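# Examining the three-dimensional arrangement
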Amino acid sequence: MELQPDRAATRDEIRCFREQGHVAVRSLASADEVAEFAPSILEAADLLAWNRNVPPGEQGTYDRAFHQAIGLCWHDEAIRRFVFAARFARVAAELLGVDGVRLYHDQALVKRAGGGATPWHQDAYYWPVDGGSAITMWMAMADIPPEVGSMVFADGTHLRGDMRGPAISDESEGYFALLIAEGALPTSAHGAMQAGDATFHEGWTLHSAGPNPTDRDRPAMTVIYVADGTTVIEPERDEQRLDLALYLPGAVPGDPAATERNPLLWGSGMGEIAS
Ligand SMILES: O=C(O)CCC(=O)C(=O)O
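Small disclaimer: the values here were computed from a predicted structure and weren't measured.

Reading the values: rules and limits
- Residues numbered from 1 in each chain as written.
- Predicted model: local features only at pLDDT ≥ 70, side-chain atom pairs only at ≥ 80, totals over all residues.
- Heavy atoms only, no water.
- Helix = DSSP H or I, 4+ residues; strand = E, 2+ residues; numbered from the N terminus.
- Rg over C-alpha atoms; globule rule 2.2 N^0.38 Å.
- Buried < 20%, exposed > 50% of the residue type's maximum accessible area, 1.4 Å probe, protein only.
- Pairing = 2+ DSSP bridges.
- Axes fitted to C-alpha atoms, helices over the stretch in contact; angles between N-to-C directions.
- Core = buried A, V, L, I, M, F, W, Y, C linked by side-chain atoms within 4.5 Å.
- Near = heavy atom within 4 Å.
- Polar contact = N/O pair within 3.5 Å; in protein donor to acceptor, adjacent residues only side chain to side chain.
- Areas by Shrake-Rupley, 256 points an atom, 1.4 Å probe, with all protein chains shown as cover.
- Nonpolar A, V, L, I, M, F, W, Y, C, P; charged D, E, K, R; others polar.
- Expected span 1.5 Å × (residues − 1).
- Arc of directions from axis to C-beta.
- Contact = heavy atoms within 4.5 Å.
- Salt bridge = Lys/Arg side-chain N within 4 Å of Asp/Glu carboxyl O.

Here the focus is the overall build of the protein. Summing up its helical and strand segments, the protein has seven helices and eleven strands in all. Taken over C-alpha atoms, the radius of gyration comes to 17 Å for the protein, in line with the 19 Å a tight globule of 275 residues would show. By the burial criterion, 55% of the 275 residues in the protein qualify as buried.

Written out as structure tokens, the structure is:
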């Protein structure tokens with residue numbers, strides 16, 4: 001099953017994304033499509049999550065927030081078809097307002113049954129590219145009930161750029177929760193999701209997620225895109241240096257973010273096959 005680019009971002013979705021830095025795009029994949037891809041994704045997530053075997057007594061906030069498996073598309077052809085899907089990439093490009101997007105990387109994030117909250121953070125803290133040129137699609141791989149929910153976003157924070165907080169941790173939670181409280185920053189949650197519903201957020205959009213008080217895992221698959229033409233910036237943190245080596249192998253500051261690991265997933269000319 002190919003995930004065709006048969007879905008354009010609507011005017012309201014584009015406005016919401018540009019104003020708030022995030023948007024929910026419901027039914028981006030159908031239940032049947034998720035049913036086809038989810039088993040491979042969840043099997044690979046289980047196998048590849050680097051923090052899956054941390055014993056409960058030794059788990060930190062990050063391990064309790066989610067099991068994280070990176071680069072699933074390079075391990076399995078079916079997952080590659082999902083991650084490379086033109087349907088998702090087209091919506092990402094339209095939300096960002098660019099002609100094309102490339103893969104930055106993919107990751108599965110499984111909040112385990114009984115798992116903890118995901119602290120407030122900005123993704124672009126980790127990235128050796130401008131956060132304003134990058135966008136994450138986060139898709140529910142199973143129905144997610146309201147008591148678990150999807151992410152919570154601090155509206156409009158993408159327009160503030162780097163808010164100079166720390167990496168995902170108890171410290172980032174404290175730092176950003178205080179900024180939100182002191183600045184009375186509005187937040188929005190997209191709540192319960194059906195399998196195949198997605199959210200998109202910009203690289204600097206401040207976000208978090210609640211805990212999972214249920215006895216079922218909350219599986220999510222993410223694809224992170226960079227605008228075609230984005231260049232690598234000079235890393236200022238070790239986390240950015242690590243990302244550069246992992247996701248843009250061989251690239252140096254000033255190079256286009258376009259290594260063999262960053263294929264063009266949507267670009268000029270591909271629109272002709274869209275309905
Ligand atoms: O899935 C989560 O709990 C958090 C996801 C997240 O922070 C992201 O995709 O950027």
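So, on to the sheet that holds strand β9 (residues 207–209). Reading across the sheet, the four strands line up as β4-β9-β6-β7 and stay open at both edges, with antiparallel pairing between neighbours. With partners counted over all chains shown, the strands left at the sheet margins are β4 (118–121) and β7 (187–189), one partner each. If you compare each strand with its neighbour and ignore which way they point, the axes differ by 20° on average. Two strands pair when backbone bridges link them, and strand β6 (residues 151–154) and β7 are joined in this way by three bridges, in the antiparallel orientation. Directly across from F153, in β7, lies its bridge partner S188.

A few words on the nonpolar core. As a rule of thumb, nonpolar side chains are buried together in soluble globular proteins. In terms of nonpolar packing, the biggest core is built from 47 residues, with F82, F88, F200 and Y225 touching the most fellow members. Sort the elements by how many residues they give to this core and helix α5 (residues 86–96) lands first, with eight residues. Listed in part, the 18 residues of the second largest apolar core include W204, I224, L244 and A257.

Looking now at the site of the ligand. As a structural note, the neighbourhood of the ligand is formed by 13 residues, with T118, H121, W138, H207 and R218 the closest of them. Contact distances for the ligand include 2.7 Å between an oxygen atom and a side-chain N or O atom of T118. Note that an oxygen atom of the ligand is positioned 3.0 Å from one of the side-chain N or O atoms of D123. Relative to its unbound accessible surface of 300 Å², the ligand loses 97% to contact with the protein. Secondary structure elements with two or more residues in the shell around the ligand: β3 (101–111), β4, β9 and β10 (218–227). Taken together, the residues that form the shell around the ligand break down as five nonpolar, five polar and three charged.

Along an α-helix, residues three or four apart share an orientation, since each turn contains 3.6 residues. Between the first and last C-alpha of helix α6 (residues 170–183) there are 20 Å, a value that for 14 residues agrees with the 20 Å anticipated at 1.5 Å per step. Looking only at α6, the buried set comprises S172, F176 and I180. Mapping the buried residues of α6 onto a view down its axis gives an arc of 55°, with all of them on the same face. Away from the buried face of α6 by more than 90 degrees, exposed residues E171, A181 and E182 are located. The inward-facing, buried residues of α6 abut β4, β6 and β7. In the stretch just after α6, A184 is the one whose phi turns positive, near 45°.

Tracing the backbone shows H105 in strand β3. Once residues lying within four places of it in the same chain are set aside, the contact partners of H105 are I70, V223, I224 and Y247.

Let's shift gears to the pattern of salt bridges. Within the structure shown, the criterion is met by 16 salt bridges. Salt-bridge contacts for E36 lead to R81; the nearest nitrogen and oxygen are separated by 3.7 Å. In this pair, E36 is assigned in helix α2 (residues 31–48) and R81 in helix α4 (residues 77–83), connecting sequence segments 45 residues apart. The exposure class of E36 is partly exposed, given its relative accessible area of 30%. Using a relative accessible area of 23% as the deciding quantity, one classes R81 as partly exposed. Between R102 and D228 there is a salt bridge, and its shortest N-O distance comes to 2.8 Å. Note that R102 is positioned in strand β3 and D228 in the loop between β10 and α7 (238–247), a separation of 126 residues in sequence.

With that out of the way, let us pick up the environment of H67. Tracing the backbone through its elements, the reader meets H67 in strand β2 (residues 67–70). When the C-alpha positions of H67 and D46 are compared, they lie 8.2 Å apart, and in sequence the two are 21 residues distant. With near-sequence residues (within four places) excluded, H67 lies in contact with A49, N51, R52, A108, L109, V110 and R112.

Just geometry here; none of it tells us what the structure is for.
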